[in-house]
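Residues per chain, in single letters:
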Protein chains: 2
Amino acid sequence: MTQPRSTGTTTGPAAGASGPSSAPADEVTIAVDAMGGDSGPRPVVEGLKQFLAKDPGARVLLFGDEAQLRPLLDKQGIDRLEVIHASDVVSMTDKPSQVMRHGKDTSMWGAVDAVRDGRAGACVSCGNTGALMAVSMLRLRKAEGVDRPAIGCLWPSTNPGGFNLMLDVGADVRADQHDLLTYAVMGAAYAAEGLNLERPRVGLLNVGTEEHKGRAELKVAHELIGRSAEAGGFDYIGFVEGGDIPSDRVDVVVTDGFTGNVALKTGEGTSRLISSLLQEAFRKTWLSRIAAGMAMASLKRLRKRIDPRRVNGGVFLGLGGTVVKSHGSADATGVAAALKLSARLARSDFTHRLASRVAAAPQRETEQGDEASQNIRSMS
Amino acid sequence: MTQPRSTGTTTGPAAGASGPSSAPADEVTIAVDAMGGDSGPRPVVEGLKQFLAKDPGARVLLFGDEAQLRPLLDKQGIDRLEVIHASDVVSMTDKPSQVMRHGKDTSMWGAVDAVRDGRAGACVSCGNTGALMAVSMLRLRKAEGVDRPAIGCLWPSTNPGGFNLMLDVGADVRADQHDLLTYAVMGAAYAAEGLNLERPRVGLLNVGTEEHKGRAELKVAHELIGRSAEAGGFDYIGFVEGGDIPSDRVDVVVTDGFTGNVALKTGEGTSRLISSLLQEAFRKTWLSRIAAGMAMASLKRLRKRIDPRRVNGGVFLGLGGTVVKSHGSADATGVAAALKLSARLARSDFTHRLASRVAAAPQRETEQGDEASQNIRSMS
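Residues numbered from 1 in each chain as written. Chains lettered and ligands numbered in written order. Predicted model: local features only at pLDDT ≥ 70, side-chain atom pairs only at ≥ 80, totals over all residues. Heavy atoms only, no water.

1. A few points about the overall build of chain A
Okay, step 1: Counting its secondary structure elements, chain A contains 13 helices and 11 strands.
Okay, step 2: Counting only residues that meet the buried cut, chain A has 58% of its 380 residues in that class.
Okay, step 3: Long-range contacts, defined here as pairs at least 24 residues apart, represent 73% of the contacts in chain A between residues at least 6 apart.
Okay, step 4: For chain A, the accessible area works out to roughly 15300 Å², and carbon and sulfur atoms hold 50% of it. (Helix = DSSP H or I, 4+ residues; strand = E, 2+ residues; numbered from the N terminus. Buried < 20%, exposed > 50% of the residue type's maximum accessible area, 1.4 Å probe, protein only. Contact = heavy atoms within 4.5 Å. Areas by Shrake-Rupley, 256 points an atom, 1.4 Å probe, with all protein chains shown as cover.)

2. Some points on the interface of chain B and chain A
How big an interface is tends to be reported as the loss of accessible area on association of its parts.
Okay, step 1: At the interface, 55 residues of chain B touch 55 residues of chain A.
Okay, step 2: Interface area for chain B against chain A, summed over the two sides, is near 4700 Å², with a carbon-plus-sulfur share of 74%.
Okay, step 3: Looking at the side of chain B facing chain A, the largest losses of area belong to Arg-215, Phe-258 and Met-294 of chain B, adding up to 14% of the total buried there.
Okay, step 4: For Lys-265 of chain A, the salt bridge goes to Glu-241 of chain B, with nearest N and O atoms at 2.2 Å.
Okay, step 5: If you look at where chain B meets chain A, you find eight residue pairs in polar contact (both at pLDDT 80 or more).
Okay, step 6: Elements represented by at least two residues in the side of chain B that touches chain A include exactly strand 5 (150–156), helix 8 (257–283), helix 9 (286–294) and helix 10 (296–306) of chain B.
Okay, step 7: Split by residue class, the side of chain B that touches chain A holds 26 nonpolar, 19 polar and 10 charged. (Buried area = accessible area lost by both parts, 1.4 Å probe. Salt bridge = Lys/Arg side-chain N within 4 Å of Asp/Glu carboxyl O. Polar contact = N/O pair within 3.5 Å; in protein donor to acceptor, adjacent residues only side chain to side chain. Nonpolar A, V, L, I, M, F, W, Y, C, P; charged D, E, K, R; others polar.)

3. Concerning the pattern of salt bridges
Okay, step 1: Counted according to the given criterion, the structure contains 34 salt bridges over all chains.
Okay, step 2: When the shortest N-O distance is used, the salt bridge between Arg-353 of chain A and Glu-193 of chain A registers 3.2 Å. With Arg-353 of chain A in helix 12 (residues 350–360) and Glu-193 of chain A in helix 6 (residues 177–194), this residue pair connects regions lying 160 residues apart in the sequence.
Okay, step 3: Accessibility expressed as a relative area gives 29% for Arg-353 of chain A, which makes it partly exposed.
Okay, step 4: Judged by relative accessible area, which is 7%, Glu-193 of chain A ranks as buried.
Okay, step 5: With a closest N to O distance of 2.8 Å, Asp-235 of chain B and Arg-199 of chain B form a salt bridge.

4. Describing the sheet that holds strand 7 (residues 201–205) of chain B
Strand pairs in the sheet, formed through backbone hydrogen bonds, run parallel or antiparallel to each other.
Residue and element names in this part refer to chain B.
Okay, step 1: Taken in spatial order, the 11 strands make up an open sheet running 3-2-1-4-11-10-5-6-9-7-8, and their pairing is mixed. Of all strands in the sheet, those with a lone pairing partner are strand 3 (81–85) and strand 8 (235–240), marking the two edges. The mean angle between the axes of side-by-side strands here comes to 25 degrees, regardless of whether they run parallel or antiparallel.
Okay, step 2: Sheet topology places strand 7 next to strand 8; five bridges connect them, and they run parallel. Bridge pairing in strand 8 links Leu-204 to Phe-239.
Okay, step 3: The strands touched by helix 2 (residues 66–74) are strand 2 (58–64) and strand 3; relative to strand 3, the strand with the most contacts, the crossing angle is about 160 degrees. (Pairing = 2+ DSSP bridges. Axes fitted to C-alpha atoms, helices over the stretch in contact; angles between N-to-C directions.)

5. Points about the relation of the copies chain B and chain A
Okay, step 1: Rotating chain B by 180 degrees and moving it 0.0 Å along the rotation axis overlays it on chain A with an RMSD of 0.0 Å. Look at the turn and shift together and you get a two-fold axis relating the two. Among all residues of chain B, the one whose C-alpha sits closest to the rotation axis is Ala-291 of chain B, at a distance of 2.2 Å.
Okay, step 2: A shared interface surface links the copies, since 100% of the contact residues of chain B are contact residues in chain A too. (Least-squares fit on C-alpha atoms with pLDDT ≥ 70 in both.)

6. Some words on the packing of aromatic side chains
Okay, step 1: Scanning all chains against the criterion turns up two aromatic pairs over all chains.
Okay, step 2: Seen in terms of ring centroids, Tyr-190 of chain A and Phe-350 of chain A are 5.5 Å apart; in terms of plane orientation they differ by 55 degrees. Their pairing is tilted. Of this pair, Tyr-190 of chain A sits in helix 6 while Phe-350 of chain A sits in helix 12; the two residues are 160 residues apart in sequence, bridging distant segments of the chain. Taken as a pair, Tyr-190 of chain A and Phe-350 of chain A share a single burial class, namely buried.
Okay, step 3: Here Arg-215 of chain A stacks its cationic end above the ring of Phe-258 of chain B, 4.1 Å away from the centre of that ring. (Phe/Tyr/Trp six-rings, centres within 6.5 Å; stacked < 30°, edge-to-face > 60°. Lys NZ or Arg CZ within 6 Å of the ring centre and 35° of its normal.)

7. Section: the side chain of Asn-159 of chain B
All names here are of chain B.
Okay, step 1: Relative to the helices and strands, Asn-159 resides in the loop between strand 5 and strand 6 (163–167).
Okay, step 2: Exposure remark for Asn-159: the relative accessible area of 5% places this residue in the buried category.
Okay, step 3: Here the side chain of Asn-159 touches Asn-164 through a polar contact of 2.3 Å, side chain to side chain.
Okay, step 4: For Asn-159, the residues in contact, after removing those within four places along its chain, are Asn-164, Arg-201, Ser-247, Asp-248, Val-250 and Asp-251.

8. Brief notes about a nonpolar patch on the surface
Okay, step 1: The grouping of Trp-286, Leu-287 and Ile-290 of chain A at the surface amounts to a nonpolar patch, some 310 Å² of accessible area in total.
Okay, step 2: Relative to the helices and strands, Ile-290 of chain A is located in helix 9 (residues 286–294). (Patch = residues over 30% accessible without salt bridge, like charges linked within 9 Å, V, L, I, M, F, W, Y side chains within 5 Å.)

9. Some details on helix 9 of chain A
Okay, step 1: Those residues of helix 9 of chain A that sit buried are Ser-288, Ala-291 and Ala-292 of chain A. Burial along helix 9 of chain A is one-sided: seen end-on, the buried residues are contained in an arc of 100 degrees. (Arc of directions from axis to C-beta.)

10. What about the confidence of the model for chain A?
Residues and elements named next belong to chain A.
Okay, step 1: The predicted model of chain A has a mean per-residue pLDDT of 84, with 86% of residues at 70 or higher.
Okay, step 2: Per-element confidence in chain A is highest for strand 9 (residues 252–254), whose mean pLDDT is 98, and lowest for helix 13 (residues 366–379), whose mean pLDDT is 43.
Okay, step 3: The low-confidence segment residues 1–23, where pLDDT is below 50, has 44 contacts with residues more than four positions distant or belonging to other chains.
Okay, step 4: Predicted confidence is poor over residues 366–380, with pLDDT under 50, and the contacts of this stretch with residues over four places away or in other chains come to 15 contacts. (pLDDT = per-residue confidence, 0-100.)

11. Quick look at the packing of helix 6 (residues 177–194) of chain B against helix 7 (residues 216–232) of chain B
All names here are of chain B.
Okay, step 1: At a closest axis distance of 8 Å, the pairing of helix 6 and helix 7 adopts a crossing angle of 40 degrees. Considering their axes alone, helix 6 and helix 7 lie oblique with respect to each other. As for the relative orientation of helix 6 and helix 7, their crossing is right-handed in sense. The segment helix 6 lies against helix 7, with Gln-177, His-178, Leu-180, Leu-181 and Ala-184 engaging Glu-217, Leu-218, Val-220, Ala-221, Leu-224, Ile-225 and Ser-228.
Okay, step 2: Its residues placed into classes, the contact of helix 6 with helix 7 shows eight nonpolar, three polar and one charged. (Parallel < 35°, antiparallel > 145°, perpendicular 65-115°, else oblique. Left-handed = near helix turned anticlockwise from the far one by under 90°.)

12. Thoughts on the pairing of strand 1 (residues 28–33) of chain A
All names here are of chain A.
Okay, step 1: Burial of strand 1 is extensive: six of the six residues sit out of reach of the surface.
Okay, step 2: Across the two faces of strand 1 the burial is the same, with Val-28, Ile-30 and Val-32 and Thr-29, Ala-31 and Asp-33 all buried.
Okay, step 3: Where strand 1 and strand 2 (residues 58–64) come together, six bridges link them in parallel fashion. Residue pairing across strands places Thr-29 opposite Arg-59, the latter belonging to strand 2.
Okay, step 4: Traced from strand 1 through helix 1 (residues 42–54) to strand 2, the parallel crossover comes out right-handed.
Okay, step 5: Of the pairings in the sheet, the one linking strand 1 to strand 4 (residues 122–125) comprises four bridges and is parallel in character. Bridged to Val-32 within strand 4 is Val-124. (Right-handed = clockwise from strand over helix to strand, strands pointing away.)

13. Description of unusual backbone geometry
Okay, step 1: Across the junction of Leu-167 of chain A and Asp-168 of chain A, the peptide omega takes the value 0 degrees, indicating a cis bond.
Okay, step 2: Examined against the element boundaries, Asp-168 of chain A turns out to sit in the loop between strand 6 (163–167) and helix 6.
Okay, step 3: Positive phi, normally seen in glycine, also occurs at Arg-80 of chain A, with a value near 50 degrees.
Okay, step 4: Looking at the element boundaries, Arg-80 of chain A is found in the loop between helix 2 (66–74) and strand 3 (81–85).
Okay, step 5: Overall, the relative accessible area of 32% leaves Arg-80 of chain A in the partly exposed class.
Okay, step 6: Phi at Asp-349 of chain B is positive, roughly 50 degrees, even though this residue is not glycine.
Okay, step 7: Turning to its location among the elements, Asp-349 of chain B is positioned in the loop between helix 11 (332–347) and helix 12 (350–360).

Right, here's the structure in full:
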């Protein structure tokens, strides 16, 4: 499945349209919301130091409270960084609707607006997910043909590339059959650009793989996605189950934001449980302690392979600009991973590539869609 | 939380009502559906051999095709077992509605009917979950006050007892606010009887712990469950997230059968992924291979701790009899675990204890419930 095509090092013909237009091909500017994470701006600043050190073509516009940021930045000098003061912060408990009305002076709003104005090619925030999506929809607008944007998240798997993509993992708790179809098209586009898959395999998450199982809207989405696969440039493999999410059966798992969010957090929680039990097991006897020392290198590789910080960064799909949501509790390594992802997406001009794929996909089969909507009513 | 009360060794005052009425206190009869599992009757027969060897008070009524069962049984003599021939089998692809109409001669139907007739104290099947629930509802009826029965499943956790309970994990893809309240009461009852918890902590699964998050019916269920906690003998801790399912924050996780099924299978899949990566890591170098040998005992303990076969057995909650669904792919160890669980529940007269808890709980606050239903319409 994996194709050795590199989307990360060259920019497409439309590149620069959402970044600084006179920049050389490998230069990129990322807008970063420094505030609103669980541990304040410190891990954000440390993460961007790591990121900038590894990516000499990158620049950062850092939005936040200058009085808090300056002391963190001055410890070590950081080049290629501009602090833009924002007097207000979105907290984790702020309601999205409040932020949309009163959030103009927040660091989150500023960072999103930098993408809107073309000063940055992508935006990264560790803040309140609901508020970030609301501000992004308000300022960047939805892409043509997208009714509900989604958050796509990579997931460790047994696939050759090491990851699968799942969406939606929490943009909206609802999704009807048309949204699920749009998610399939957007997910296939992200897998093509972000995972270098020529023809991603898309599956629809359900409680069984038989056609008669599950909710009514899933049966309709099943038909719609199947009909759109050829034109959308993906293979539709039908229903998949929770156990397939970390498997090599599928590349893109499509589901509503409620189910996707629960699945994502359940997987993370299970992974944490096993890690802690494993550490306990290795501390149990003197023999196992010695063994742990001997196996250290192998265990570290494993840890790195399933480390959720490495895949930190939910990508907002279906907007007029690229926004990456980092975990609220991300540490410096996690923030650096989200920044790296955002730089890659900005350089490949992901926003425009996704929009053109959504526009080209035959998901607006309005009449068939309406027929399907009627089917769902008669079934449920 | 854990109380050293033993519900498994003595029977309550109402014991025997659903088992053989003249049997001594530790005798129990389990009806077993031998057919319909992924690998046919062999693992079932091997599992019941293991079970009967460890439980001298248990008897088994084995339903299935006598011509297939006799050769498997005759290899070694098994006491305390009666084969009851059934000419038909429910396959994994049969629709529940078909089985309800035409399934009278199946081994599944026979095993459920043995509970209905009082010949067995509980029933175990590895077959088609949907069909088993449909036949169980038809033959055993729903308990008073239960609209949608649920499947409850234990889950490895960091709790002192080692497990949490989640329900529903797949009886019904839908659940409204009243169903979720009933699940909370039934889950608390199962945790009290099956996990020996005096006052289980119940949480409602959502995409965030803030009160304004999630679907409309969850906000109403949140209020209803909160109001019923005191009378229901449990502590309601509010919304929990996917990451809390394997944690020590909660004992009983309440959700609809779609979300619960996806979460269960995602957790199992994540666990399988990490196990396979761990094996790979230990095979990587000669040093890690030696280390694996040295840590063998500790790793085996860990493996046993999170082995899904040990917690095999989804319990059907809210019916007029005890039915345990074993994994379709369960091996002998898994089948033995499901049989052990069913014997424990039969001996503690679980069906009647659960029914009296559901009847005693104040979930039928009809007027407040209807008010809540109206709220949900105005919210959504």
